[in-house]
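Structural overview
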Amino acid sequence: MDLDLLQVSPARISYICLGGFTVLFSLVSLLIKEKLYVNEVVLGTAFGIIIGPFGANIFAPHSWGPSSNTITSEVMRIVLVIGLFAAGVELPPAYMKRHAKSLLVMVVPTMAFGWVVVAAVMYVLFPKLDYISALCIAACLTPTDPVTCAAITHGKFAHQHVREDIRHILLAEAAANDGLAYPFLAISIYLTMETSVQTAIGKWFLVGWLYQVILGTVLGAVLGFLFSKLMKKSFDRGFIDRKSYIAQYLALSIFTMGVASTIGADDLLAAFAAGCAISWDGHFHEQTEHEDFSSVIDYVLNCCCFIYIGAWLPFNAYDFPEYDISPWKLVLLVIAIMIFRRIPFLLAVYKFVPEIACWREALFSGHFGPMGVSAVFVSTLALTRLPTPENPPANQAQYLAATIQPIVSFVVLGSIIVHGLSIPFFNGLVVSRSRTTSLSKTSTDDSYVMGPVC
């Protein structure tokens, strides 16, 4: 055999690892996901760490030079856009209209509370950060990750132990607040970079809200509505088959992303709005509800995305005394975020959210606010607006640029571990409770299923 035919390169080895993990995980996915309740998020991240620069050094996104941040941003963007479009389609018809009041409480106020509280914790733990810089990092951690959140909105455990109202409201919240991270990041960046507070607030309102958020939402809704009408007319005339409906999951989401990002609008909100609009009357959902292609696409993308995140994690930056970063501070930050970011606020306002029946469900909903793909994506956007840091940083903006991804990435890692393993933990509690109940009733029926949380 001619040895010149061998083409061993990091890219090709990466293809083997990414495809190989997905193949091997698929072979035992039923056992792992439906019996052990561990999904591809946790295992994909662990595998990424193993093959990453701090393991086998096969797949190292940070080694790709100046383009590595752009590549990371686009990988996260594609996964989010497809997932958000699918979330919009999977919600019941006209869901956003019928549950607008609950979502107004669940989304913006909850995000704002967590944003301010997390920034305050960072300001205390990292004294070199001023409060505006802490708000910028906290903005990356305000959105709930819809990919990780799928553990409690889909699957066997969710359908058995989480009420449908809770599943839907958490899915809608996770999808909506991803795009709404833009304004929180924008005001922090403007206050950091602009010399005038008045100028910063003016740009934030005009660009961050009116142009990016409002225009992005309207654009997505209009595109989704138009394509919904076109596909329905085409269906009535026999011009379109079911496979073409499934293709829209991928095609329309990417098309919407391309249009919105080209004009500078919020492409994440646009994708979610398009998904909601295209299934508003239920016709699109009827044509696709028994097809699994979208789930397959999500599954493959999620596997690859979290392998990427695992390899991307900058472990060498988690102990950096020059930047006032140390492991114990990062661990304290993760613990504080898990406790104070969402839980207190939802416990205080859950009575204004009809879908949440009692304080236990409010506690459950507050806990499941995972941070993952969206946090990484927003942090990459922040870096494009900040100056390249010198060593040592010359000013606060450079210090922010040097510390934002180490802090965000560690919190993401902590969230993947805590939220990714919460379902196995809750399942253990359910099994223990069911056995106790069965014994108290002197019953031998093993099919006991825990009722609602309340």
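Residues numbered from 1 in each chain as written. Predicted model: local features only at pLDDT ≥ 70, side-chain atom pairs only at ≥ 80, totals over all residues. Heavy atoms only, no water.

Structural notes on the overall build of the protein chain
The number of helices and strands found in the protein chain is 23 helices and zero strands. What you see for the protein chain is a C-alpha radius of gyration of 22 Å, in line with the 22 Å of a compact globule of 454 residues. In terms of overall dimensions, the protein chain has a C-alpha envelope of 70 × 65 × 60 Å along the principal axes. Across the 454 residues of the protein chain, 53% fall into the buried class. When contacts within the protein chain are restricted to residue pairs at least 6 apart in sequence, those whose partners lie at least 24 apart make up 80%. Here the protein chain displays about 20,200 Å² of accessible surface, and carbon together with sulfur accounts for 67% of that area. Positive and negative side-chain charges in the protein chain, numbering 27 and 31 respectively, have mean positions lying 8 Å apart. (Helix = DSSP H or I, 4+ residues; strand = E, 2+ residues; numbered from the N terminus. Rg over C-alpha atoms; globule rule 2.2 N^0.38 Å. Buried < 20%, exposed > 50% of the residue type's maximum accessible area, 1.4 Å probe, protein only. Contact = heavy atoms within 4.5 Å. Areas by Shrake-Rupley, 256 points an atom, 1.4 Å probe, with all protein chains shown as cover. Lys, Arg positive; Asp, Glu negative; His and termini not counted. Charge placed at Lys NZ, Arg CZ, Asp CG, Glu CD.)

Points about the nonpolar core
Met122, Phe126, Leu141, Ile309 and Ile407 are the most contacted members of the largest nonpolar core, which totals 114 residues. The element that contributes the greatest number of residues to this core is helix α22 (residues 396-420), accounting for twelve residues. The contacts of Ile309, once residues within four sequence positions are left out, are Met76, Val373, Val376 and Val412. Counting eleven residues, the second largest nonpolar core, distinct from the first, contains Tyr245, Tyr249, Leu252 and Phe284. (Core = buried A, V, L, I, M, F, W, Y, C linked by side-chain atoms within 4.5 Å.)

A closer look at the packing of helix α13 (residues 197-236) against helix α15 (residues 267-278)
Where α13 meets α15, the axes come as close as 7 Å, and the angle between the chain directions of the two elements is 35°. Here α13 and α15 pass one another in a crossing that is right-handed. Together, Val213, Gly216, Thr217, Gly220, Ala221, Gly224, Phe225, Phe227, Ser228 and Met231 of α13 and Leu269, Ala270, Ala273, Ala274, Ala277 and Ile278 of α15 make up the contact between the two elements. Across the contact of α13 with α15, the residue classes break down as eleven nonpolar, five polar and no charged. (Axes fitted to C-alpha atoms, helices over the stretch in contact; angles between N-to-C directions. Left-handed = near helix turned anticlockwise from the far one by under 90°. Nonpolar A, V, L, I, M, F, W, Y, C, P; charged D, E, K, R; others polar.)

Considering the packing of helix α14 (residues 242-262) against α15
Running from amino to carboxyl end, α14 crosses α15 at an angle of 140°, the nearest separation of the two axes being 9 Å. When the interaxial angle is binned, α14 and α15 end up oblique. As for how α14 packs across α15, the hand of that crossing is right-handed. Residues Leu252, Thr256, Met257, Ala260 and Ser261 of α14 form the contact with α15, whose participating residues are Asp267, Ala270, Ala271, Ala274 and Ile278. Each residue belonging to the contact of α14 with α15 can be placed in one class, and the counts come to seven nonpolar, two polar and one charged. (Parallel < 35°, antiparallel > 145°, perpendicular 65-115°, else oblique.)

Considering the packing of aromatic side chains
Applying the stated criterion across every chain yields a total of 17 aromatic pairs. Taken together, a centroid distance of 5.1 Å and an interplanar angle of 80° make the contact between Tyr318 and Phe410 edge-to-face. One end of the pair, Tyr318, is in the loop between α17 (293-312) and α18 (327-340); the other, Phe410, is in helix α22, and 92 residues separate them in sequence. Take Tyr318 and Phe410: they sit in the same class, and that class is buried. Members of the aromatic cluster, joined through ring pairs, are Phe21, Phe25, Phe47 and Tyr299. (Phe/Tyr/Trp six-rings, centres within 6.5 Å; stacked < 30°, edge-to-face > 60°.)

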